[in-house]
Amino acid sequence: MLFTEFVEHLDFASLVTQAMHGVGKLPMVSNSAPRILNKLHRDLPALFNEPGTRERLLAAARAEFVRVPYEDASINRMIREAGIPRGSFYMYFTDKEDLFRYLMESYGQRLVEQVEEWLERDGGDLFQAFLDLFDYLQANRASDGFREMADILRRNQRLQPGLILNRQGPCA
């Protein structure tokens, strides 16, 4: 059987999903296919669940967004820096916008959690929470995480404010 005929008989998305989640046995299409399918079923989850893959991708993305503005950032440079296959990028994010939004939301979420903690501690005193936030940012501005976030925001000043506030994409 030719490879193209073999692929036409498969629901590839279903195979990948089954392989990733270890669901059931993969279908047998012909006598020549079992080896290929069983290898896919065995090796695919290990590829996507390799420890550190996501962390390496996020570190490479942060470095890329610090280096260049969003519109000039390259998925190719990110995956090369992370040392991962291009397909692995799409297991975590749908596109560059999805990745950028994730990074901005994660930075924002850390600050929101900190403010919520102060509000709870101080009986809902919003003014005190803002003072604490200011002190916190001042005290931690030299830390890698805050410096990185500030550098990314500085590099991307032309993006719409809705990116963070309304959870909209960079081009919204």
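Residues numbered from 1 in each chain as written. Predicted model: local features only at pLDDT ≥ 70, side-chain atom pairs only at ≥ 80, totals over all residues. Heavy atoms only, no water.

Enquirer: Looking at this structure, I do not really get the packing of aromatic side chains. What am I missing?
Expert: Note on aromatic pairs: each is described by the distance of the centres and the angle between the planes. One pass over the full model with this rule turns up seven aromatic pairs. The interplanar angle of 75° and the centroid separation of 4.7 Å between the aromatic rings of Phe65 and Phe100 together place this pair among those described as edge-to-face. Placement of the pair is Phe65 in helix H4 (residues 53-67) and Phe100 in helix H7 (residues 96-121), with a sequence separation of 35 residues. Residues Phe89 and Tyr90 carry aromatic rings whose centres are separated by 4.9 Å and whose planes lie at 80° to one another, so their mutual orientation is edge-to-face. Through a chain of ring-to-ring contacts, three or more aromatic side chains come together here, namely Phe89, Tyr90, Phe93 and Tyr102. (Phe/Tyr/Trp six-rings, centres within 6.5 Å; stacked < 30°, edge-to-face > 60°. Helix = DSSP H or I, 4+ residues; strand = E, 2+ residues; numbered from the N terminus.)

Enquirer: How should the packing of H4 against H7 be read in this particular structure?
Expert: A packed helix pair is summarised by two numbers, namely the angle formed by the two axes and the spacing between the axes. Contact pair H4 / H7: the axes reach a minimum separation of 11 Å and the direction vectors enclose 90°. Classified by the angle between their axes, H4 and H7 sit roughly perpendicular to one another. From H4, Arg54, Leu58, Ala61, Arg62 and Phe65 reach across to H7, where they touch Lys96, Leu99, Phe100, Tyr102, Leu103 and Tyr107. Per-class residue counts for the contact of H4 with H7 are eight nonpolar, no polar and three charged. (Axes fitted to C-alpha atoms, helices over the stretch in contact; angles between N-to-C directions. Parallel < 35°, antiparallel > 145°, perpendicular 65-115°, else oblique. Contact = heavy atoms within 4.5 Å. Nonpolar A, V, L, I, M, F, W, Y, C, P; charged D, E, K, R; others polar.)

Enquirer: I tried to follow the nonpolar core on my own but got confused; where do I start?
Expert: Nonpolar side chains in soluble globular proteins generally cluster together in the buried interior. Among the nonpolar cores identified, the biggest contains 29 residues, and Phe65, Met78, Phe89, Leu99, Phe100 and Leu103 are the most heavily contacted of them. Residue assignment for this core shows that the elements contributing at least two residues are H4, helix H5 (75-82), H7, helix H8 (126-140) and helix H9 (144-155). Sort the elements by how many residues they give to this core and H7 lands first, with eight residues. The residues touching Met78, leaving out its near neighbours within four places in the chain, are Leu57, Ala60, Ala61, Glu64, Phe65, Ala73 and Leu99. (Core = buried A, V, L, I, M, F, W, Y, C linked by side-chain atoms within 4.5 Å. Buried < 20%, exposed > 50% of the residue type's maximum accessible area, 1.4 Å probe, protein only.)

Enquirer: Quick question: what am I supposed to make of a negative patch on the surface here?
Expert: A grouping of Glu113, Glu116, Glu117 and Glu120 is seen on the molecular surface, where their side chains present a negatively charged patch. Relative to the assigned elements, Glu117 resides in helix H7. (Patch = residues over 30% accessible without salt bridge, like charges linked within 9 Å, V, L, I, M, F, W, Y side chains within 5 Å. Areas by Shrake-Rupley, 256 points an atom, 1.4 Å probe, with all protein chains shown as cover. Salt bridge = Lys/Arg side-chain N within 4 Å of Asp/Glu carboxyl O. Lys, Arg positive; Asp, Glu negative; His and termini not counted. Charge placed at Lys NZ, Arg CZ, Asp CG, Glu CD.)

Enquirer: Would you take a moment to explain H9 for this structure?
Expert: The α-helix advances 3.6 residues per turn, and as a result positions three or four apart in sequence lie on the same side. Compared with an ideal rise of 1.5 Å per residue, which puts 12 residues at 16 Å, H9 spans 16 Å between its outermost C-alpha atoms and is within 8% of the ideal. For H9, the set of buried residues is Phe146, Met149 and Ile152. All buried residues of H9 fall inside an arc of 130° around its axis, so they share one side. Exposed positions of H9 whose direction lies more than 90 degrees from the buried face are Asp144 and Arg154. Buried-residue contacts for H9 involve H4, H7 and H8. (Expected span 1.5 Å × (residues − 1). Arc of directions from axis to C-beta.)

Enquirer: Looking at this structure, how should I read H7?
Expert: Compared with an ideal rise of 1.5 Å per residue, which puts 26 residues at 38 Å, H7 spans 38 Å between its outermost C-alpha atoms and is within 8% of the ideal. Residues of H7 that are buried include every one of Lys96, Leu99, Phe100, Arg101, Leu103, Met104, Tyr107, Leu111, Gln114, Val115 and Trp118, and no others. For H7, the capping residue at the N-terminal end is Asp95, with a side-chain oxygen 3.3 Å from the backbone nitrogen of Glu97. Directly after H7, the chain includes Gly123, whose backbone phi takes a positive value near 65°. (Polar contact = N/O pair within 3.5 Å; in protein donor to acceptor, adjacent residues only side chain to side chain.)

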